[in-house]
Structure formats: structure tokens, C-alpha cells
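Structural features, examined
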Amino acid sequence: MYHIKSRIWIEGEEGVFLGEGRIKVLKAIMVEGSLSKAAKSLGMSYKKAWNLVDSINKNASAPVIITNTGGSGGGGTEITAYGVKMITAFENINKNCWDFLDQQLKELKL
């Protein structure tokens, strides 16, 4: 049995806009409620996670995260509705691409 492997990313004028790694960071923020906890859960440095999210925010037409300053209750990071929409769209693109590639491979009857 053969399998086709692929990685998808979306590029803008400034380079990579969205890719698997950036989506993983956004999804981890949704679960963990903070960028630092998200980075830690992914085994990634805070700086790298911040750079990925900052890059998305700078190139997106609307903010994808909202940060809350720390204090007695602690800070946190939230994904905006636009950010959730981006995650869903990217995952749908990936799924549709993989489904298409699987179908193409079946038609080859290797």
C-alpha cells in the first residue's frame, strides 16, 4: 500500500503566512489559554512561538490573538473569532488536499 505525503502552507507577500507549525501554536493557545503554556506544551521556546504568532498577526487582515496582561489573576492569550476561522479554513484545505491525493493514488492502481 502506498501513501502520498504532502505539506501545505499559505504564502503572502512577506513569505509564509500559515503552515502546520503556526496552526499547531494557535491550537495550543486555544487549549492552554496562554502563549507561554502553549509553547511549553509543544516543546518550543516562547520566543519562537511568539515570532510565529506575531508573523501571522502582522500579515493577517485582522488580529488572530488577543493578549491579556498579567496581574493577580494572571495574563493569558485568546484566539479571536478570525483566528478560529483561519484554523478551520487551513484544516479544511489540508483535508481536501489529502483526500484528493489519496483519490489520485487509488486511480493509479499501483
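You'll find the structure just up there.
Residues numbered from 1 in each chain as written. Predicted model: local features only at pLDDT ≥ 70, side-chain atom pairs only at ≥ 80, totals over all residues. Heavy atoms only, no water.

Remarks on the overall build of the protein
Basically, it comes down to this: Counting from the N terminus, the helices are DSSP H or I runs at least four residues long and the strands are E runs at least two residues long. Computation of the radius of gyration draws on C-alpha atoms alone. For the globule rule, the value is 2.2 Å times the number of residues to the power 0.38. Each residue's exposure class comes from its accessible area (1.4 Å probe, protein chains only) as a fraction of the maximum for that residue type: buried when under 20%, exposed when over 50%, partly exposed otherwise. In this description, contact between two residues means that some pair of their heavy atoms is separated by no more than 4.5 Å. Using a 1.4 Å probe, accessible areas were evaluated by the Shrake-Rupley method; residue-level cover was limited to the displayed protein chains.
Within the protein one finds four helices and four strands. Element order for the protein, N to C, with α for helix and β for strand: β-β-α-α-α-β-β-α. Against the globule reference of 13 Å for 110 residues, the protein gives a C-alpha radius of gyration of 17 Å, more extended than a compact globule. Seen through its C-alpha atoms, the protein measures out along the principal axes to roughly 60 × 30 × 20 Å. Taken across its 110 residues, the protein has 32% of its residues classed as buried. Across the protein, every contact between residues at least 6 apart in sequence was considered, and the portion connecting residues at least 24 apart equals 47%. Only carbon and sulfur atoms are counted for the fraction: they give 55% of the accessible area of the protein, which is about 7,500 Å².

With respect to the pattern of salt bridges
What counts, and what does not: Definition used for salt bridges: Asp or Glu carboxyl oxygen within 4 Å of a side-chain nitrogen of Lys or Arg.
The full count for this structure, using the stated rule, is four salt bridges. Across the pair K24 and E20 runs a salt bridge whose closest N-O atoms are separated by 3.5 Å. Of this pair, K24 and E20 both sit in helix α1 (residues 20–32), separated by four residues, roughly a single helical turn. For K24, a relative accessible area of 46% corresponds to the partly exposed category. A salt bridge links E91 to K27; the nearest nitrogen and oxygen atoms lie 2.5 Å apart. Pair noted here: E91 is in helix α4 (residues 81–108) and K27 is in helix α1, with a separation of 64 residues, a long-range link. Residue K27 is classed as partly exposed on the basis of its relative accessible area of 37%.

Thoughts on the packing of α1 against helix α3 (residues 46–59)
As a reminder, the rule being used: Lines fitted to C-alpha atoms define the axes here, with helix axes fitted over just the stretch in contact, and angles between the N-to-C directions of these axes take values from 0 to 180 degrees. Angles below 35 degrees are treated as roughly parallel, those above 145 as roughly antiparallel, those between 65 and 115 as roughly perpendicular, and all remaining angles as oblique. Any residue that is not Ala, Val, Leu, Ile, Met, Phe, Trp, Tyr, Cys, Pro, Asp, Glu, Lys or Arg is counted as polar, Gly included; the first ten are nonpolar and the last four charged.
Running from N to C, α1 and α3 cross one another at 100°; their axes reach a closest spacing of 10 Å. Our classification of the angle between α1 and α3 gives roughly perpendicular. Every residue of α3 that contacts α1 at R22, V25, L26 and I29 is listed here: A49, L52, V53, S55 and I56. Of the residues assigned to the contact of α1 with α3, the class counts are seven nonpolar, one polar and one charged.

Concerning the nonpolar core
In plain terms, the rule: As used here, the term nonpolar core means buried Ala, Val, Leu, Ile, Met, Phe, Trp, Tyr and Cys residues forming a set that is joined through side-chain atoms within 4.5 Å.
V25, L26 and I29 are the most contacted members of the largest nonpolar core, which has 22 residues in total. Those elements giving two or more residues to this core turn out to be β2 (15–19), α1, α2 (35–41), α3 and α4. Residue contributions to this core peak at five residues, all from α1. Each residue touching V25, except ones within four places of it in the same chain, is listed here: L35, A38, L42, M44, A49, L52 and V53.

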